[in-house]
Number of protein chains: 2
Amino acid sequence: MTFSEENYLKTIYHLTSVSDADISTNAIAEKMETKASSVTDMLKKLSEKDLVNYVKYQGVSLTDKGKLAAKMIVRKHRLWECFLVEKLDFSWDEVHDIAEQLEHIKSEKLINKLDDFLGNPTEDPHGDPIPDANGRIIKVEKELLSEFEKNQIGICVGVKDTSSDFLKYLDKQEIALGSQIEIIEKESFDSSFRIRVGTKEITISNKIASNIYIK
Amino acid sequence: MTFSEENYLKTIYHLTSVSDADISTNAIAEKMETKASSVTDMLKKLSEKDLVNYVKYQGVSLTDKGKLAAKMIVRKHRLWECFLVEKLDFSWDEVHDIAEQLEHIKSEKLINKLDDFLGNPTEDPHGDPIPDANGRIIKVEKELLSEFEKNQIGICVGVKDTSSDFLKYLDKQEIALGSQIEIIEKESFDSSFRIRVGTKEITISNKIASNIYIK
DNA sequence: AATTAAATTTAGACAAAGCTAAAAATTATA
DNA sequence: TATAATTTTTAGCTTTGTCTAAATTTAATT
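Residues numbered from 1 in each chain as written. Chains lettered and ligands numbered in written order. Predicted model: local features only at pLDDT ≥ 70, side-chain atom pairs only at ≥ 80, totals over all residues. Heavy atoms only, no water.

UniProt marks residues 1–63 of chain A with the feature "domain: HTH dtxR-type" (unreviewed entry), using the numbering shown here. The span residues 1–63 of chain A shows a helical share of 60% and a strand share of 13%, and its end C-alpha atoms are spaced 16 Å apart. (UniProt positions renumbered as here; feature names shortened; annotations may be inferred. Helix = DSSP H or I, 4+ residues; strand = E, 2+ residues; numbered from the N terminus.)

As a further point, take the domain arrangement of chain A. Domain parsing of chain A yields domain 1 (3–62) and domain 2 (143–214). For domain 1 of chain A and domain 2 of chain A, the distance between their C-alpha centres works out to 33 Å. (Domains from an automatic or database assignment.)

Its rotation angle being 180 degrees, the transformation that places chain B on chain A also includes 0.0 Å of axial translation and leaves an RMSD of 0.1 Å. A rotation of that kind, with that shift, is consistent with a two-fold axis. Ranked by how close their C-alpha atoms come to the rotation axis, the residues of chain B are headed by B:Leu102, at 3.8 Å. (Least-squares fit on C-alpha atoms with pLDDT ≥ 70 in both.)

Another point: the sheet that holds strand E4 (residues 153–159) of chain A. All names here are of chain A. Across the sheet, six strands lie side by side as E3-E8-E4-E5-E6-E7; this open sheet has antiparallel pairing. Unpaired on one side and paired on the other, strand E3 (143–144) and strand E7 (200–204) mark the two borders of the sheet. When E3 meets strand E8 (residues 212–214), the two strands line up antiparallel, connected through two bridges. Bridge pairing in E8 links Leu-144 to Tyr-213. In this fold helix H7 (residues 164–172) packs onto E4, E7 and E8, with an angle of close to 150 degrees to the strand it touches most, E4. (Pairing = 2+ DSSP bridges. Contact = heavy atoms within 4.5 Å. Axes fitted to C-alpha atoms, helices over the stretch in contact; angles between N-to-C directions.)

Tallying each qualifying case throughout the model produces zero disulfides over all chains. A:Cys82 supplies the cysteine sulfur nearest to A:Cys156, a cysteine that is in no disulfide, at a spacing of 15 Å. (Disulfide = S-S within 2.5 Å.)

Taken together, the contact between chain B and chain A spans 21 residues of the former and 21 residues of the latter. It is B:Leu88, B:Gln101 and B:Lys113 that lose the most area in chain B upon contact with chain A, and together they represent 28% of the buried surface on that side. The tally of links from chain B across to chain A stands at two salt bridges. Between B:Lys109 and A:Glu94 there is a salt bridge, with the nearest N and O atoms lying 2.4 Å from each other. Between the two partners, chain B and chain A, sit eight residue pairs in polar contact (both at pLDDT 80 or more). (Buried area = accessible area lost by both parts, 1.4 Å probe. Salt bridge = Lys/Arg side-chain N within 4 Å of Asp/Glu carboxyl O. Polar contact = N/O pair within 3.5 Å; in protein donor to acceptor, adjacent residues only side chain to side chain.)

Before going further, it helps to examine the protein's contact with DNA strand D. Residues in close proximity to DNA strand D total 21 residues, the closest being A:Thr2, A:Ser38, A:Lys45, B:Tyr54 and B:Lys56. Sugar plus phosphate: this is where 76% of the atoms of DNA strand D within 4 Å of the protein reside. A distance of 2.6 Å is found between a phosphate oxygen of DNA strand D and a side-chain nitrogen or oxygen belonging to B:Lys44. The contact in question runs from a phosphate oxygen of DNA strand D to an N or O atom on the side chain of B:Lys56, over 2.5 Å. When its residues are assigned to classes, the surface near DNA strand D shows five nonpolar, eleven polar and five charged. (Near = heavy atom within 4 Å. Nonpolar A, V, L, I, M, F, W, Y, C, P; charged D, E, K, R; others polar.)

Summed over all chains, the structure comprises eight aromatic pairs over all chains. Centroid distance A:Phe3 to B:Phe3: 5.8 Å. Interplanar angle 85 degrees. Geometry classified as edge-to-face. Of this pair, A:Phe3 sits in helix H1 (residues 3–19) while B:Phe3 sits in helix H1 (residues 3–19), which puts the two residues in different chains. For B:Phe3, a relative accessible area of 39% corresponds to the partly exposed category. Ring centres 6.1 Å apart and planes at 80 degrees place the aromatic pair A:Phe117 and B:Phe83 in the edge-to-face group. Of this pair, A:Phe117 sits in helix H6 (residues 108–117) while B:Phe83 sits in helix H4 (residues 64–87), placing the two residues on different chains. What makes A:Phe117 partly exposed here is its relative accessible area of 22%. What links up through ring pairs into an aromatic cluster is the set A:Trp80, A:Phe83, A:Phe117, B:Trp80, B:Phe83 and B:Phe117. In this structure, B:Lys87 is placed above the aromatic ring of B:Phe117, and the distance from its NZ or CZ to the ring centre is 4.6 Å. Residue placement shows B:Lys142 over the ring face of B:Tyr213; its charged tip is 4.5 Å from the ring centre. (Phe/Tyr/Trp six-rings, centres within 6.5 Å; stacked < 30°, edge-to-face > 60°. Buried < 20%, exposed > 50% of the residue type's maximum accessible area, 1.4 Å probe, protein only. Lys NZ or Arg CZ within 6 Å of the ring centre and 35° of its normal.)

This is how it looks when you write it as structure tokens:
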């Protein structure tokens with residue numbers, strides 16, 4: 001499997017986890033910052049290899065084979081992210097681009113040994129679940145902070161947006177995985193929140209609250 | 001720089017360290033298991049980028065820029081080999097192919113953090129020197145076991161051939177980096193050696209002796 | 001239902017990196 | 001030194017993954 005094929009599978013996998021319906025050519029093109037025509041070409045190729053169910057003009061979904069392959073890529077990506085943060089002391093906003101490269105290294109033995117070396121983590125540094133060697137995922141029920149109401153208290157267990165900018169913002173506000181967050185006030189006008197993080201009180205926009213997972 | 005360009009630079013670097021003279025197109029082709037015509041194409045490209053000095057029909061050498069780039073690839077390869085052996089518990093005959101992939105990961109920060117994580121090793125699991133972040137290499141004077149004479153004693157500090165087959169042979173004979181080796185007898189007929197490794201006495205061919213470095 | 005708009009696919013082109021086969025340059029040999 | 005052998009390069013083709021522009025299909029709107 002080529003890097004490019006792997007990237008397409010991964011993108012389809014991620015898009016599927018959001019919408020559930022078949023994925024459109026344009027959605028893939030947009031996410032991968034490429035052209036729809038390139039996507040069409042690749043979908044044909046992946047379909048040839050039985051990695052996706054593709055019907056012209058109707059969108060795609062992953063086959064079982066494709067889904068497993070995608071999960072293995074995600075597994076690698078997230079394990080490498082753990083390695084970078086826990087062993088090499090990277091911060092959580094720096095690891096994505098490097099993991100994008102490392103996820104394509106081909107060696108089952110390597111990834112399973114890495115998994116053991118890291119103590120078989122179930123979540124990456126952003127709170128996303130890590131598929132095991134068989135593709136199984138432990139799902140943690142979690143809610144967006146934006147769904148919470150006044151006086152509720154929760155623990156930050158993940159982020160939806162994993163962009164460097166967003167993560168740096170969270171660092172600045174001292175919000176990290178494990179932080180306790182209490183809703184002090186929910187402003188009805190703009191749906192912004194007044195929250196307590198640790199001892200500090202801060203105000204965050206609804207957009208921010210919509211990208212933080214709480215349990 | 002593409003993977004392919006990096007592989008060519010690395011190959012030229014390795015060939016240079018053996019012969020010193022300009023490297024021929026065919027020598028590169030043979031080492032890389034590719035065709036001479038493909039090599040010519042790539043040499044033009046590398047020459048364009050000022051990574052090699054290339055004169056048609058006359059062979060190539062690395063420019064300073066090319067040599068530094070090559071050293072950085074070798075640095076990455078050897079640091080990853082250390083990681084695989086020391087942290088992930090791979091044996092020394094398993095790491096080459098995986099390191100061939102890992103050496104192309106692009107992130108200076110990653111490789112320098114990995115270097116620190118490993119305790120800034122100066123040699124890889126085969127006894128080969130690891131260039132530092134500036135490309136400097138600590139050379140250890142070492143000799144081939146085949147050059148040794150009767151009754152001399154030395155420590156195995158490296159191997160010339162790093163193929164899996166050879167390394168597995170050494171494992172079987174319980175020869176490892178750091179093993180003490182004593183020449184008991186040198187057979188003049190076929191230049192084979194009777195040696196003592198630790199407590200055991202074994203006979204090795206000249207070919208084997210010509211691939212073990214001793215200090 | 002017809003027409004317009006949007007999404008998707010096809011056709012044809014390009015760059016990278018490889019190949020084969022033929023041509024050219026270099027080296028070796030008679 | 002002329003010829004043969006070897007090495008190297010060139011020319012042209014292939015594949016992968018991309019692109020643009022045109023054609024087609026589907027969806028939306030009047």
